[in-house]
Amino acid sequence: MDRDLLDKLTAWRRHLHAHPELGRYEKATSAFVQERLTELGVPFVTGVGGYGVVATLRRGTSDRSVGLRADMDALPIQEASDLPYKSRTANVMHACGHDGHTVSLLGAAALLARDESWSGTVQLVFQPAEEGAGGAQAMVADGLFERFPMERIFGLHNWPGLEAGAVAVHHGPVMSEPGRFQVTLKGTAGHAAKPDLTRDPIIAMGHLLVALQTIVARNVDPMDSAVVSVGQIHGGLAPNQIPTSVWIDGTYRTFKPAVRERVMARIRGISENIAATFEMEAVVEFSTGGLATINTPLEEEMAASAAKSAGLTLRRDIPASTTGEDFSWMLKERPGAYVWVGNGPARDGGELHNDRYDFNDAILPATAGWLAAVARQALEGELSNAPVSRI
């Protein structure tokens, strides 16, 4: 990548970082993407699954096609950094690097537009609302794969702690299936000085919080992976009153359907039985955030081959993560692969979803370069001695 393009991409990325938007509200981000695509001379369609944009590059006579996807939304986090391009929107920041992903795909568009060596169709998918707001599902429901044909699809995520610019390609599972649960314990309110006349949901919730942590330790096969975490607890309005109810909000992560069902059953069973022990009611609700993200065999090898052809360090030894990614909904419809590109050392709050996180602009040649390379690889056809794709 030449210096002029890198400088341009860096400026674009920092603009997006300073102007983050939450999922389903990416109006200005979508407009920015459209303006940059217009500058690059790449045609596009807007309003796909919300503020989604799909741009199309065609060249030559080949009927082969491939999709490249990047997410655009930010998180409801107040940025704590002192960067000159820090978020200008209160309580919203790009704490996961979607600003970098968006610009990486624009960079790939620029690289492919100036490269006459390939033949076929490349669909550039700029997806809204990845952070739990159903963006991938919305695009699929809006006819993504019917309106913009592609044989396979690829995506990436920056990864703090992995060597800057290195590409991690997993064999099979990449990220877990995310799910969410909420448990409300309903007791009987009363004066805190007369607890015998109440049914105290705070005490019951204390027991429940401890008991939920036994699910992974005692109900899941040690050879499998699962996470159960509580992220919110709410209850009580006054120091001298026992409240009517207390509720918690949490997440569970699994890779296998059987493990997911076991975890959900235990969350429900433990909650209802602890509530019964303390003579109160439990209301348990679940919502799923996606599917496990699992690479298909042929596309996994294409992803690895692309990293090598782009001159990037290839890692095949990185374990899967219990984080989640709604790219899984696209992989449900088409074969594909999802890779991690190293963001460098995770120092001083450099982890994902941290209020001091920042995408490393120095890896833009790697992220944009890999996206362009994997598009070329997919359009060239199947690799020799590669496994057969599955959906």
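Structure's up top.
Residues numbered from 1 in each chain as written. Predicted model: local features only at pLDDT ≥ 70, side-chain atom pairs only at ≥ 80, totals over all residues. Heavy atoms only, no water.

**Student:** What's the story with the overall build of the chain in this structure? I'm lost.
**Tutor:** The helix and strand inventory of the chain stands at eleven helices and 16 strands. The C-alpha atoms of the chain give a radius of gyration of 23 Å, which matches the 21 Å a tight globule of 391 residues would have. Seen through its C-alpha atoms, the chain measures out along the principal axes to roughly 80 × 45 × 40 Å. A separation of at least 24 residues holds for 81% of the contacts in the chain among residues at least 6 apart in sequence. Surface summary for the chain: the accessible area is close to 16,800 Å², and the carbon and sulfur share equals 50%. (Helix = DSSP H or I, 4+ residues; strand = E, 2+ residues; numbered from the N terminus. Rg over C-alpha atoms; globule rule 2.2 N^0.38 Å. Contact = heavy atoms within 4.5 Å. Areas by Shrake-Rupley, 256 points an atom, 1.4 Å probe, with all protein chains shown as cover.)

**Student:** Please explain the packing of aromatic side chains as it appears in this structure.
**Tutor:** The geometry of two aromatic rings is summed up by the distance between their centres and the angle between their planes. Tallied over the entire structure, the rule returns four aromatic pairs. Both rings, one in Phe154 and one in Trp370, keep their centres 6.4 Å apart while their planes meet at 80°; by these two values the pair is edge-to-face. Of this pair, Phe154 sits in strand β5 (residues 153-160) while Trp370 sits in helix α11 (residues 364-380), and the two are 216 residues apart along the sequence. A ring pair is formed by Tyr252 and Phe286, whose centres lie 6.2 Å apart and whose planes are at 75°; its orientation type is edge-to-face. (Phe/Tyr/Trp six-rings, centres within 6.5 Å; stacked < 30°, edge-to-face > 60°.)

**Student:** Explain unusual backbone geometry here, please?
**Tutor:** Excluding glycine, most residues fall at negative phi; most peptide bonds, likewise, are trans. Notably, Arg24 is not glycine yet its phi reads approximately 80°, a positive angle. Assignment of secondary structure puts Arg24 in the loop between α1 (3-18) and α2 (27-40). Residue classification places Arg24 among the exposed residues on the basis of a relative accessible area of 58%. Phi at Glu279 takes a positive value of approximately 60°, unusual for a residue other than glycine. Among the structural elements, Glu279 can be located in the loop between α8 (257-277) and β13 (281-288). (Buried < 20%, exposed > 50% of the residue type's maximum accessible area, 1.4 Å probe, protein only.)

**Student:** Explanation requested: the nonpolar core in the structure shown.
**Tutor:** For soluble globular proteins, nonpolar side chains are generally found buried alongside one another. Counting 56 residues, the largest nonpolar core has Leu68, Val122, Leu124, Phe126, Phe154 and Trp370 as the members making the most contacts within it. With eleven residues, α11 is the single largest residue contributor to this core. Aside from chain neighbours lying at most four places away, what touches Phe126 is Val33, Leu37, Gly52, Val53, Ala70, Met72, Thr102, Leu105, Leu106 and Met139. (Core = buried A, V, L, I, M, F, W, Y, C linked by side-chain atoms within 4.5 Å.)

**Student:** Whenever I open this one, the pairing of strand β16 (residues 336-344) confuses me. Can you help?
**Tutor:** Along any regular strand the residues' side chains alternate between the sheet's two faces. Here β16 lies mainly inside the structure; nine of its nine residues are buried. Bridging between β5 and β16 involves eight bridges; their strand directions are parallel. Looking across to β16, one finds that Phe154 is bridged to Ala337. (Pairing = 2+ DSSP bridges.)

**Student:** I tried to follow the side chain of Ser65 on my own but got confused; where do I start?
**Tutor:** For Ser65, the position within the fold is in strand β3 (residues 65-71). Ignoring anything within four residues of it in the chain, the contact list for Ser65 reads Thr121, Pro149, Met150, Glu151, Arg152 and Leu379.

**Student:** How do you make sense of the sheet that holds strand β8 (residues 177-186) when you look at a structure like this?
**Tutor:** Whether parallel or antiparallel, the strands of a sheet pair through hydrogen bonds between backbone atoms. Taken together, the four strands give an open sheet; going across it, the order is β10-β12-β8-β13, and neighbouring strands pair in antiparallel fashion. Single-partner strands in this sheet number two, and they are β10 (226-235) and β13. Direction aside, neighbouring strands of the sheet carry axes that sit 20° apart on average. Two strands pair when backbone bridges link them, and β8 and β13 are joined in this way by eight bridges, in the antiparallel orientation. Among the inter-strand pairings, Val183 is bridged to a residue of β13, identified as Val284. (Axes fitted to C-alpha atoms, helices over the stretch in contact; angles between N-to-C directions.)

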